[in-house]
Amino acid sequence: MSLLKNMSLGGISPAAGWDDIDKSGYSAATVLSGLYYPLLALMSVSCFCAMLYDQTVTLSVSVMRAVIAFVSYFIAYYAVVFLIDCLFPGETHGKVAKARCCNYVAYILAFLVILETLLNVLQQFPPMNFFRIYAYVIAFRGLGFVRVDKEVRTKFLLVCGTLLITVPIALSKLLGAIIVVNN
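Residues numbered from 1 in each chain as written. Predicted model: local features only at pLDDT ≥ 70, side-chain atom pairs only at ≥ 80, totals over all residues. Heavy atoms only, no water.

1. Re the layout of surface pockets
Now for step 1: As a volume, the largest pocket reaches approximately 670 Å³.
Now for step 2: Lining of the largest pocket is provided by 24 residues; of these, Arg65, Glu116, Asn120, Ser172 and Lys173 occupy positions nearest its centre.
Now for step 3: Elements represented by at least two residues in the lining of the largest pocket include exactly helix 5 (59–87), helix 6 (95–121) and helix 9 (153–178).
Now for step 4: Residue classes in the lining of the largest pocket are distributed as 13 nonpolar, six polar and five charged. (1 Å grid on protein atoms, 1.4 Å probe; cavity = no way out; pocket = protein on both sides within 12 Å on 5 of 7 lines; lining within 4 Å. Points joined across faces, edges and corners; volume = space filled by probe spheres on them. Helix = DSSP H or I, 4+ residues; strand = E, 2+ residues; numbered from the N terminus. Nonpolar A, V, L, I, M, F, W, Y, C, P; charged D, E, K, R; others polar.)

2. Overview of the environment of Leu87
Now for step 1: Tracing the sequence through the fold places Leu87 in helix 5.
Now for step 2: Judged by its relative accessible area of 47%, Leu87 is partly exposed.
Now for step 3: Taking the C-alpha atoms as reference points, Leu87 and Phe156, 69 residues apart in sequence, are found 8.9 Å from one another.
Now for step 4: Not counting residues within four places of it along the chain, the set of residues in contact with Leu87 comprises Val159 and Leu163. (Buried < 20%, exposed > 50% of the residue type's maximum accessible area, 1.4 Å probe, protein only. Contact = heavy atoms within 4.5 Å.)

3. Regarding the confidence of the model for the chain
Now for step 1: Taken as a whole, the chain shows an average pLDDT of 86; of its residues, 97% reach a score of 70 or greater.
Now for step 2: Predicted confidence in the chain is weakest over helix 1 (residues 3–12), with a mean pLDDT of 72, and strongest over helix 5, with 93. (pLDDT = per-residue confidence, 0-100.)

4. Focus: the packing of helix 3 (residues 28–46) against helix 6
Now for step 1: At a minimum axis separation of 9 Å, helix 3 and helix 6 run at an interaxial angle of 15°. Overall, the two elements helix 3 and helix 6 adopt an arrangement that is roughly parallel. Read as a crossing pair, helix 3 and helix 6 show a hand that is left-handed. (Axes fitted to C-alpha atoms, helices over the stretch in contact; angles between N-to-C directions. Parallel < 35°, antiparallel > 145°, perpendicular 65-115°, else oblique. Left-handed = near helix turned anticlockwise from the far one by under 90°.)

5. Quick notes on the pattern of salt bridges
Now for step 1: Using the criterion set out here, one finds three salt bridges in the structure.
Now for step 2: When the shortest N-O distance is used, the salt bridge between Asp22 and Arg100 registers 2.7 Å. Remark: Arg100 occurs in helix 6 and Asp22 occurs in helix 2 (residues 14–24); sequence separation between them is 78 residues.
Now for step 3: According to the relative accessible area criterion, Asp22 is partly exposed, its value standing at 34%.
Now for step 4: Among the residues examined, Arg100 registers a relative accessible area of 12% and is labelled buried.
Now for step 5: Here Asp85 ties to Lys98 by a salt bridge, and the two come within 3.5 Å at their closest N and O atoms. Of the two residues, Asp85 is situated in helix 5 and Lys98 in helix 6; the sequence distance between them amounts to 13 residues. (Salt bridge = Lys/Arg side-chain N within 4 Å of Asp/Glu carboxyl O.)

6. What to know about a nonpolar patch on the surface
Now for step 1: Residues Leu52, Tyr53, Leu118, Val121, Leu122 and Phe125 make up a contiguous nonpolar surface patch of roughly 550 Å² in combined accessible area.
Now for step 2: Listing elements by their share of the nonpolar patch, those giving two or more residues are helix 4 (50–53) and helix 6.
Now for step 3: Given a relative accessible area of 31%, Val121 falls into the partly exposed group. (Patch = residues over 30% accessible without salt bridge, like charges linked within 9 Å, V, L, I, M, F, W, Y side chains within 5 Å. Areas by Shrake-Rupley, 256 points an atom, 1.4 Å probe, with all protein chains shown as cover.)

7. Points about helix 5
Now for step 1: Over its 29 residues, helix 5 runs 41 Å from end to end, which matches the ideal 42 Å to within 8%, given 1.5 Å per residue.
Now for step 2: When the local axis directions of helix 5 are compared, the greatest deviation, roughly 25°, occurs at Ala76.
Now for step 3: All of the buried residues along helix 5 are Val61, Ser62, Ala66, Ile68, Ala69, Ser72, Tyr73, Ala76, Tyr77, Val80, Val81 and Ile84. (Expected span 1.5 Å × (residues − 1). Bend = angle between axes of the 7 residues up to and from the residue.)

8. Focus on empty space enclosed by the protein
Now for step 1: In total, this model carries one cavity of 30 Å³ or more according to the counting rule given.
Now for step 2: Put simply, the largest cavity is a space of about 40 Å³.
Now for step 3: Lining the largest cavity are Met7, Gly10, Gly11, Trp18, Ile21, Tyr107, Phe111 and Ile138.
Now for step 4: Residue assignment for the lining of the largest cavity shows that the elements contributing at least two residues are helix 1, helix 2 and helix 6.
Now for step 5: Per-element tally for the lining of the largest cavity: the top contributor is helix 1, with three residues.
Now for step 6: Its residues placed into classes, the lining of the largest cavity shows six nonpolar, two polar and no charged.

Next comes the structure, spelled out in structure tokens:
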């Protein structure tokens, strides 16, 4: 099954999607190179759609927004994996558990990248921001994939879901403050 089909099914029907992701057995490197990084590139290109909606947005502003979006989600993957590994060392102990955790983060962030791409394209529809909360549903259904102990499931879900949503936003704000975008 293809990576994009896995991700799409994971977004539409998270329970069935995680079962198919589990059966497919893709490595974290394959998920990153075959799904996540291309989606980051697509999201970066979608940052240029602002030039269609707003005539005051220049090419240089769009390039800076694309760089900020790409870098924030690129770093977010590694930051979230690192934070999960630090906060839940018992859940990510061993190569298989670590690979599952990496895939878990990559697929959920891929969903958020697609959402960000849609937000860039459909700038006149701000209620799409509420779909970020759906990442918690995807994360909840993926707990079986990561094989989290029942004692820490709620804590793991709340922490991971919050990290997955807030880390890219925080990095984007931080990078936006460092790289001043006038517009």
